[in-house]
Amino acid sequence: MSGPQRVKFYQTGTFTVGNRLLDISVRSIQSDADRHNSLNSGHRACQGCGEALGARYALDAAMHAARGQLVVANATGCLEVFSTPYPESSWRVAWLHSLFANASSVATGMAAAMKVKGRTDVRVVAQGGDGGTVDIGFGCLSGMFERNDDVLYICYDNEAYMNTGVQRSSATPPAARTATTPAVGPEPGNVFGQGKNVPLIAMAHGIPYVATASVADLRDLEYKVARAMEFRGARYMHVHVPCPLGWGTPTSDTIKVARMAVECGLFPIVEAEYGEIIGRRELRQRIPVDDYLRTQSRFAHLFSSRHLGGRDEARIAQMQAIADRNIARFGLMSARTAEKVNA
Amino acid sequence: MNKPFAITLDVGSSLANKTGSWRTERPVYVDRLPPCNNACPAGENIQQWLYLAEEGNYEAAWRQIMRDNPMPATMGRVCYHPCEGACNRAHLDKAVGIHAIERFIGDLAIERRWSVKVEVASSGKRVLVVGAGPSGLSCAYHMALLGHSVTVMDAGPAAGGMMRFGIPKYRLPREILDAEVSRIESLGVTFRFNSKVSDLDATMREGGYDAAFLAVGAHLAKRAYIPAGDTSRILDALSVLRGIESGEQPLLGRRVLVYGGGNTAMDVARSARRLGASEAIVVYRRTRDKMPAHGFEVQEAMDEGVLFKWLSTIKAETEGPGGEGTFTVEKMKLDEKGYPQPTGEFEEIKADSLVLALGQDVDLSFLSKVTGLSVKDGVVEVGPSMMTGHEGIFAGGDMVPAERTVTVAIGHGKKAARNIDAFLRRTTHVPAPKHELAGFDRLNTWYYSDAPATVQPELDRARRASTFDEVVGGLDESNALFEARRCLSCGNCFECDNCYGVCPDNAVIKLGPGNRFRFNYDYCKGCGMCAKECPCGAIRMEPENI
């Protein structure tokens, strides 16, 4: 990735949120003692919620880029429910919730209104979970892309409908156990299919900017929000946010699990402009998908299959194949990383 | 009531919802003991001075070192750096070159004439230090800073002890030693050289001293019985090294045997090469891996062309026809316990001289009239406060049971000084309790980037054989800073902002540079992410009392 690496880091703290040895101007927004905290304390997200963290990371960066002139439309989902139980709100941004499906349409309207009012300084962000984005709000989203409305849409992908009790979405990975894809029978968990890769679909619309990011890599995420805000027109960000409850991980491991998803290749971090991929975040310490899957009880059946009396080698190999394909397809391994892994 | 349709309540903030009540475990900031600090015989707070050096604040780093060790420039050269042996970074790539940074800081202090001052009122107490070696100097320094009047007496002509008369110049240039000694002197410490204390009791009485610290070192060379002819060519290592320091040229000849496997043997063999010996051969009864000398010294000696003869003992010397010496050497083999056993196989080696480097004993004759002392295995026993069996008389360095290194001696001096101070003030010195160790498993090493160690420039090898110039070069500022920044800050917050950043509940309050962070327990849900993502293991999760 060209952006975040431009900063000259020192030897310690290179990958940390802050770095006391760096000049203030090049430190991360999250390390600022006076950061905006767009999502305030007291929200009702579960302990260790990746989505709450991802939303604060992204919106603080967007607020920074828009110099505080930001309006946000929110789809229904965890993010909406845990932040705004009537009459309380955790949002410290102008924020509006309408329906599950229509966040992108509401944002389109906001952008149009700002244009009419001549308020080009006010920027519009729409956000939602994977359910509201890849399934329920997908039609409205595609329309927003196609019309190239001046909106940054941010999807926080926790890979299922967590708010209603962990039901499968079309962003749920194969083999994962959810309430609607139980780990029973000869083909336990979610089906192996194509799923729905919205970043690639967004790229197919040819919109100015599409990027994936992870809560495990703050510097990269902040860079991408800032970059997205430099464009006018439809932009899309897909942020990977683990859910301790739905994935069956310890609440302390949210970032660790997100990091492993990136480092095994299952969640590729890339960016694209006008439909062409222009950057990728290379793996730093490649790991087998085994290591990643093992951390989560939604994949536990792969390692103690009742049918097979042990490891479900075939399905684990299929998952590895998906990761390998991502790595090859997006060029996630530099020669240097490959050397280290083989050593 | 002016509210929109169907709205009856005012908008409120979620701050009203104190999510801290969900918590079953609470994060707590802790300081854990970095392995380097734990390993340092002088008790330096290495992690802390590296932290200061990382900012480029070398003077603050130097002052931090000076709280424990008055001789950083010397120490950075001659200490065998057990800190680096313990360094957690070795598990990642290579240990931080702590000694090289310490040396850089020490040299900078000399160059910029940084000094320390006595900041307490005079206690009116008089303390005698016997021996101006590392232990005595360290004790004198700390006692002076604690407000006591200190007199150091030494039998030799100058301060430094083994640092001057044992360690060759190519490892410790004398201007460095002199500069650090004079800094101690400027604290008001009185030095009296060529003043051998032969009767401690009498000296104490005459000088009106309230306490004494004994640090005479171990200077009596151990001998091995080697039958020799009339014109014996057998010398001992310490007198050879002392002779070189005093400007004499010991007559070693062209082919020199050195008997022994310790650091002193290496020093003599390498010095012999510098004095013109074409061959210096170290004869040792066991194998290389059993040698007490430090690996890098053996390596440097080998690099300089010193030869080694393992598994050999010297039995006798006879005079050859041409007037040169012939030494009978018996081959040894290691038994199953690793002890060398004679094989009965002999060979003869011709050499111009044999230098014995078989260790040293302590000259305890000056203590003969002191009551209550207990001597065991040739050294004086001391309690945990470094006090001998005689009240008010403390001892340290090579003359007490411990590893015989400069750094251990410096540590003894500090420890004794703090206890002598307590003794003089009729209090008790209670050392601060040690934190739990910050082992490698406490770290989240993802956050540290790869950074290979900076290698100190080595003097051109060809030059070494003929001069006593310093062999290992120093770091310049840029690579000293690089090296300091390789520190992982094990167990101690380095304000990386990770906890502040990764908290999904904004429950970490950033207090600003140097002040670290505080948890806001009103909202902390106890997820534990901060502790997990802390790179250096400075957050502990504790069960909540519910």
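Residues numbered from 1 in each chain as written. Chains lettered and ligands numbered in written order. Predicted model: local features only at pLDDT ≥ 70, side-chain atom pairs only at ≥ 80, totals over all residues.

**Student:** So what exactly am I meant to see when it comes to the interface of chain A and chain B here?
**Tutor:** One frequently used descriptor of interface size is the decrease in accessible area upon assembly of the parts. Facing 40 residues of chain A, the contacting portion of chain B comprises 49 residues. Considering each element in turn, the side of chain A that touches chain B owes the most residues, four residues, to helix H9 (residues 254–264) of chain A. The class makeup of the residues in the side of chain A that touches chain B is 13 nonpolar, 21 polar and six charged. Pairing geometry for strand E2 (residues 88–89) of chain A and strand E1 (residues 12–13) of chain B, over two bridges, is parallel. When the sheet's bridge partners are listed, Glu88(A) is paired in E1(B) with Gly12(B). (Contact = placed C-beta atoms within 7 Å. Helix = DSSP H or I, 4+ residues; strand = E, 2+ residues; numbered from the N terminus. Nonpolar A, V, L, I, M, F, W, Y, C, P; charged D, E, K, R; others polar. Pairing = 2+ DSSP bridges.)

**Student:** Even after reading the chapter, I still don't get the sheet that holds strand E5 (residues 152–157) of chain A, so can you show me in this structure?
**Tutor:** Paired through backbone hydrogen bonds, the strands of a sheet run either parallel or antiparallel to each other. Residue and element names in this part refer to chain A. A sheet is described by the order of its strands in space; here eight strands give the open sequence E3-E1-E4-E5-E7-E6-E8-E9, paired in mixed fashion. Two strands in the sheet have a free side with no partner beyond their single neighbour: strand E3 (94–97) and strand E9 (276–280). Between one strand and the next, the sheet's axes are offset by a mean angle of 20°, whatever the strand orientation. Bridging between strand E4 (residues 123–129) and E5 involves five bridges; their strand directions are parallel. Note that in E5 the partner of Gln127 across the bridge is Ile154. (Axes fitted to C-alpha atoms, helices over the stretch in contact; angles between N-to-C directions.)

**Student:** In this structure, what is going on with the sheet that holds strand E14 (residues 340–351) of chain B? I would like to understand it.
**Tutor:** Residues and elements named next belong to chain B. Overall, antiparallel pairing links the three strands, which are arranged E12-E13-E14 in an open sheet. Two strands bound the open sheet, and with one partner strand each, they are strand E12 (312–319) and E14. This sheet shows a mean twist of 20° between the axes of neighbouring strands, independent of strand direction. Here strand E13 (residues 325–334) pairs with E14 via nine bridges, running antiparallel.

**Student:** Explain the nonpolar core to me, please; I cannot follow it from the model alone.
**Tutor:** It is characteristic of soluble globular proteins that their nonpolar side chains tend to be buried jointly. With 247 residues, the main nonpolar core has Ala62(A), Ala140(B), Ala212(B), Val258(B) and Val355(B) as its most contacted residues. Sort the elements by how many residues they give to this core and helix H1 (residues 50–65) of chain A lands first, with 10 residues. Apart from residues no more than four positions distant in its own chain, Ala62(A) is found in contact with Leu70(A), Val125(A), Leu152(A), Val225(A) and Met229(A). (Core = buried A, V, L, I, M, F, W, Y, C linked by C-beta atoms within 7 Å. Buried ≥ 20, exposed ≤ 12 C-beta atoms within 10 Å, placed from the backbone.)

**Student:** Sorry if this is basic, but what is going on with the packing of helix H2 (residues 46–54) of chain B against helix H3 (residues 58–66) of chain B here?
**Tutor:** What describes two packed helices is the angle between their axes and the distance between those same axes. Residues and elements named next belong to chain B. For the pair H2 and H3, interaxial distance at closest approach is 7 Å and the crossing angle is 170°. As the angle between them shows, H2 and H3 are arranged roughly antiparallel. Packed against H2, whose contacting residues are Gln48, Trp49, Leu52 and Ala53, the element H3 presents Tyr58, Ala60, Ala61, Gln64 and Ile65 at the interface. (Parallel < 35°, antiparallel > 145°, perpendicular 65-115°, else oblique.)

**Student:** Before we go on, may I ask you to explain the pairing of strand E6 (residues 209–214) of chain A in this structure?
**Tutor:** The side chains of a regular strand alternate, residue by residue, between the two faces of the sheet. Residue and element names in this part refer to chain A. Buried residues dominate E6, accounting for six of its six residues. Alternating residues of E6 divide into Tyr209, Ala211 and Ala213 and Val210, Thr212 and Ser214, and every residue in both groups is buried. Judged from the six bridges that link them, E6 and strand E7 (residues 235–240) form a sheet pairing that is parallel. By the bridge assignment for E7, Tyr209 is matched with Arg235. Crossover connection from E6 via helix H7 (residues 218–229) to parallel E7: handedness right-handed. Where E6 meets strand E8 (residues 270–273), three bridges bridge the pair, whose relative direction is antiparallel. Within the sheet, the bridge partner assigned to Val210 lies in E8 and is Ala272. (Right-handed = clockwise from strand over helix to strand, strands pointing away.)

**Student:** Hey, could you run me through the confidence of the model for chain B in this one?
**Tutor:** The predicted coordinates ought not to be read in detail in places where the model reports low pLDDT. Taken residue by residue, chain B gives an average pLDDT of 91. The fraction at 70 or more is 97%. Listed scores for the predicted complex are pTM 0.90 and ipTM 0.93. (pLDDT = per-residue confidence, 0-100.)

**Student:** Explanation requested: H1(A) in the structure shown.
**Tutor:** Every α-helix carries 3.6 residues per turn, so stepping three or four residues along brings you back to the same face. All names here are of chain A. Taking 1.5 Å of rise per residue, 16 residues should cover 22 Å, and H1 covers 22 Å from first to last C-alpha, within 8% of that figure. Within H1, 15 of the 16 residues are buried, which leaves the element mostly enclosed by the surrounding structure. Immediately beyond the C-terminal end of H1, within one or two residues, lies Arg67, with a positive phi of roughly 50°. (Expected span 1.5 Å × (residues − 1).)

**Student:** Looking at this structure, I do not really get H2(B). What am I missing?
**Tutor:** Residues and elements named next belong to chain B. Buried residues dominate H2, accounting for seven of its nine residues. When H2 is considered as a whole, its buried residues turn out to be Ile46, Gln47, Trp49, Leu50, Tyr51, Ala53 and Glu54. Where H2 is buried, its residues meet helix H1 (35–39), H3, helix H5 (82–86), helix H6 (98–112) and helix H16 (477–484). Just downstream of H2 lies Gly56, where phi reads positive at about 85°.

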